[in-house]
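Descriptive analysis of the structure
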Amino acid sequence: MARIRPLEYEEVSGAVRAEYDRQIAAHGRMTNMKRTLAHSEVALRALMEWYALRDEALPFLGERLADLFSLAISADTDCLICSTYFRRALIDRGENPDAPRLDERDQVVLEFGRTLVADRNRVPDELYARLARHFAPAQIVTLTAFGALMIATNVFNNALDVDLDGYLERYTKTVKEAR
């Protein structure tokens, strides 16, 4: 059960209401996480920058790898909401999130994401070297910030026990199994 009640549209105003409208227009809903973030305009704005980082990463990652990267991070932080969200995205596109086909580039990106979770700020030189063979410095900066904000989103959901949105329930798998 959620520790903080998500806010309804009628309970918000100003910049939070504008973000609520943007989210509904772009995604068709305001999720429980976003409705919980709505208690703080700054917190909502900060974590919604995830979308800007994702948009910056899409040209060099592609949607599939961006979702696999986000799923790897979310599964390794034990975030049911985010891991289920990315399972849904992959399943709905015909991908098996439990057995994705990965090339060497995909593997290094997922390993990098998992290392961000496991070791926080300690990426082994060998892993960084493999990553740098595939990406330019600016891309690595974007990928790292994208991963860090994904971790922050997971921490938010886990710390406040944000409830899983109903539309995600059929995509659930225990988080440990999603790893």
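Use the structure listed above.
Rules used throughout
- Residues numbered from 1 in each chain as written.
- Predicted model: local features only at pLDDT ≥ 70, side-chain atom pairs only at ≥ 80, totals over all residues.
- Heavy atoms only, no water.
- Helix = DSSP H or I, 4+ residues; strand = E, 2+ residues; numbered from the N terminus.
- Expected span 1.5 Å × (residues − 1).
- Buried < 20%, exposed > 50% of the residue type's maximum accessible area, 1.4 Å probe, protein only.
- Contact = heavy atoms within 4.5 Å.
- Polar contact = N/O pair within 3.5 Å; in protein donor to acceptor, adjacent residues only side chain to side chain.
- Phe/Tyr/Trp six-rings, centres within 6.5 Å; stacked < 30°, edge-to-face > 60°.
- Lys NZ or Arg CZ within 6 Å of the ring centre and 35° of its normal.

Structural notes on helix H7 (residues 137-159)
For H7, which comprises 23 residues, the first-to-last C-alpha distance of 33 Å matches the rise-based estimate of 33 Å (1.5 Å per residue) to within 8%. Within H7 the residues assigned to the buried category are Ile 140, Thr 142, Leu 143, Phe 146, Gly 147, Leu 149, Met 150, Ile 151, Thr 153, Asn 154, Phe 156 and Asn 157. In the core, the buried residues of H7 are packed alongside helix H2 (32-37), helix H3 (41-76), helix H4 (80-92), helix H5 (104-119) and helix H6 (125-132). Positive backbone phi, at 50 degrees, marks Asp 161, one or two positions downstream of H7.

Describing the environment of His 134
Looking at the secondary structure, you find His 134 in the loop between H6 and H7. Judged by relative accessible area, His 134 falls into the partly exposed class, the value being 28%. Sequence separation of His 134 and Ala 145 is 11 residues, and the distance between their C-alpha atoms is 17 Å. Those residues in contact with His 134, other than ones at most four positions away along the chain, are Glu 104, Arg 105, Val 108 and Gln 139. For His 134, the side chain forms a polar contact with the side chain of Glu 104, separated by 2.4 Å.

What about the packing of aromatic side chains?
Within the structure shown, the criterion is met by seven aromatic pairs. With 5.0 Å between their ring centres and 85 degrees between their planes, Trp 50 and Tyr 51 make a pair best called edge-to-face. Every member of this aromatic cluster is reached through a ring pair, and the members are Trp 50, Tyr 51, Phe 69, Tyr 85, Phe 86 and Phe 146. Over the aromatic face of Tyr 9 sits the side chain of Arg 17, whose NZ or CZ is 4.2 Å from the ring centroid. The ring of Tyr 85 is capped by Arg 88, whose NZ or CZ atom sits 5.1 Å from the centre of that ring.

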